[in-house]
Amino acid sequence: EIALQACDLDGARDASEEFGTLAEAMRTAYLDAAAGQAAGQVHLAEGNPRAALPPLRRAWMAWRALEVPYAAARTRELIGLACTALGDQEAGEMELDAARLGFQLLGAAADTTRVEDMLASARDRVHGQKHDHGYGLTVREREVVALVAQGRTNREIAATLVISEHTVARHVQNVFGKLGVASRTALCSFAYEHGLV
């Protein structure tokens, strides 16, 4: 997860494969579930939702059997994203709605809001409605998000956009507040998951 949030796809793939080998050797339900979820996340990040679905579904069933509700909800969110990416809007919405309910029951407000935004976006696409899905970001803030997602420092962003480092820092803090994230890595992950880059 750290590698994915840092936008290091090769590192995430290597870690997931190593985790899968470990889980296979140890043969515990918890490790199997975690390894399946990790593999599914990597496949999604690589743009291969078809390959992501089998390990994610196995992981969800395992989390449910182990009674780990947060992980189960997170996995259903990933399944919803995979279904949507494959063009199965109905299944995608159903999975995202189940994830939303799971997060809501746990009181995970940020997760609930994130999934509600995904559901609204999916429903708008189905019904052909046009809404701003820029999450309230200005054009300049979206430019900053794109550069942060590329791993640029505030100094590099300032030079690219011909603005001061102080202004970049202010934009980054505004973006954190609007998107409900607390770090650059979380911002990077959010940006890739929600199509902001």
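Residues numbered from 1 in each chain as written. Predicted model: local features only at pLDDT ≥ 70, side-chain atom pairs only at ≥ 80, totals over all residues. Heavy atoms only, no water.

Enquirer: Honestly, the confidence of the model for the chain in this entry has me stumped. Any pointers?
Expert: Close inspection of predicted coordinates is inappropriate for parts of the model with low pLDDT. Scored by pLDDT, the chain has a mean of 87; 93% of the residues are at 70 or more. Taking the mean pLDDT of every element in the chain, the minimum, 77, falls on helix α7 (residues 109–127) and the maximum, 95, on helix α4 (residues 49–66). (pLDDT = per-residue confidence, 0-100. Helix = DSSP H or I, 4+ residues; strand = E, 2+ residues; numbered from the N terminus.)

Enquirer: For this particular structure, what's the right way to read unusual backbone geometry?
Expert: Negative phi is the rule for most residues except glycine; trans is the rule for most peptide bonds. One non-glycine residue, C7, lies in positive phi territory at about 60 degrees. Relative to the helices and strands, C7 resides in the loop between α1 (2–5) and α2 (9–26). Positioned with a positive phi, V162 is a non-glycine residue whose angle comes to about 55 degrees. By the secondary structure assignment, V162 is in the loop between α9 (154–161) and α10 (165–179). A residue is classified by how much of its surface remains accessible, and V162, at 72% relative accessible area, is exposed. (Buried < 20%, exposed > 50% of the residue type's maximum accessible area, 1.4 Å probe, protein only.)

Enquirer: Before we go on, may I ask you to explain the nonpolar core in this structure?
Expert: Grouped burial of nonpolar side chains is what soluble globular proteins tend to show. Membership of the largest hydrophobic core comes to 19 residues, with the highest contact counts inside it found for V145, I157, L179, L187 and L196. Broken down by secondary-structure element, the contributors of at least two residues to this core are α8 (139–149), α9, α10 and α11 (184–193). In terms of residue count, the dominant contributor to this core is α10 (5 residues). Grouped together as the second largest cluster of nonpolar side chains are 17 residues, A33, A59, L78 and I79 included. (Core = buried A, V, L, I, M, F, W, Y, C linked by side-chain atoms within 4.5 Å.)

Enquirer: Help me understand the state of the cysteines, please; the structure alone is not making it clear to me.
Expert: In a disulfide, the sulfur atoms of two cysteines are held together by a covalent bond. In the structure shown here, the tally under the stated rule is 1 disulfide. What pairs with C7 in a disulfide is C188, and their sulfur atoms sit 1.8 Å apart. Taking the sign of the S-S torsion, about -70 degrees here, the bridge from C7 to C188 comes out left-handed. Placement of C7 in the loop between α1 and α2 and of C188 in helix α11 is noted, with a sequence separation of 181 residues between them. Residue classification places C188 among the buried positions, given a relative accessible area of 5%. (Disulfide = S-S within 2.5 Å.)

Enquirer: Sorry, what's going on with the side chain of E141 here?
Expert: Topologically, E141 is positioned in helix α8. The contacts of E141, once residues within four sequence positions are left out, are G136, H171, N174, V175 and K178. (Contact = heavy atoms within 4.5 Å.)

Enquirer: Help me understand a negative patch on the surface in this model?
Expert: Among the surface-exposed residues, D8, D14, E17 and E18 lie close enough to one another that they form a single negatively charged patch. Mapped onto the secondary structure, E17 falls in helix α2. (Patch = residues over 30% accessible without salt bridge, like charges linked within 9 Å, V, L, I, M, F, W, Y side chains within 5 Å. Areas by Shrake-Rupley, 256 points an atom, 1.4 Å probe, with all protein chains shown as cover. Salt bridge = Lys/Arg side-chain N within 4 Å of Asp/Glu carboxyl O. Lys, Arg positive; Asp, Glu negative; His and termini not counted. Charge placed at Lys NZ, Arg CZ, Asp CG, Glu CD.)

Enquirer: Mind showing me how you'd approach α2 here?
Expert: The periodicity of an α-helix, 3.6 residues per turn, causes residues three or four positions apart to be oriented the same way. Its 18 residues place the ends of α2 25 Å apart at the C-alpha level, agreeing with the 26 Å of an ideal helix rising 1.5 Å per residue. Inspection of α2 places A12, S16 and A23 among the buried residues, and these make up the whole buried set. Viewed end-on, α2 has its buried residues packed into an arc of 35 degrees, placing them on one side of the element. Residues of α2 that are exposed and point more than 90 degrees away from the buried face comprise E18, T21 and A25. One or two residues past the end of α2 sits R27, with phi positive at roughly 50 degrees. (Expected span 1.5 Å × (residues − 1). Arc of directions from axis to C-beta.)

Enquirer: Is there a simple way to think about the packing of α8 against α10 in this case?
Expert: A pair of packed helices is captured by two measures, namely the crossing angle of their axes and the spacing between those axes. Viewed as axis vectors pointing N to C, α8 and α10 meet at an angle of 95 degrees, and their least axial separation amounts to 10 Å. In terms of orientation, α8 and α10 fall into the roughly perpendicular class. Contacts from R140, E141, V144, V145 and V148 of α8 reach α10 at H171, V172, N174, V175 and K178. Its residues assigned to classes, the contact of α8 with α10 comprises 5 nonpolar, 2 polar and 3 charged. (Axes fitted to C-alpha atoms, helices over the stretch in contact; angles between N-to-C directions. Parallel < 35°, antiparallel > 145°, perpendicular 65-115°, else oblique. Nonpolar A, V, L, I, M, F, W, Y, C, P; charged D, E, K, R; others polar.)

Enquirer: What exactly am I supposed to notice about the pattern of salt bridges here?
Expert: Side-chain pairing between opposite charges can occur once the charged atoms of the two side chains come close. Overall, the coordinates contain 12 salt bridges when judged by the stated rule. The shortest N-O distance in the salt bridge between E77 and R114 comes to 2.7 Å. Of the two residues, E77 sits in helix α5 (residues 69–85) while R114 sits in helix α7, which places them 37 residues apart along the sequence. The same class applies to E77 and to R114, which are both buried. Where E143 meets R140, a salt bridge forms, and the shortest distance between an N and an O atom there is 2.9 Å. With E143 and R140 both in helix α8, this residue pair falls 3 residues apart, about one helical turn. Overall, the relative accessible area of 31% leaves R140 in the partly exposed class. A network of salt bridges, in which partner residues are shared, links R74, E77, D111, R114 and E193.

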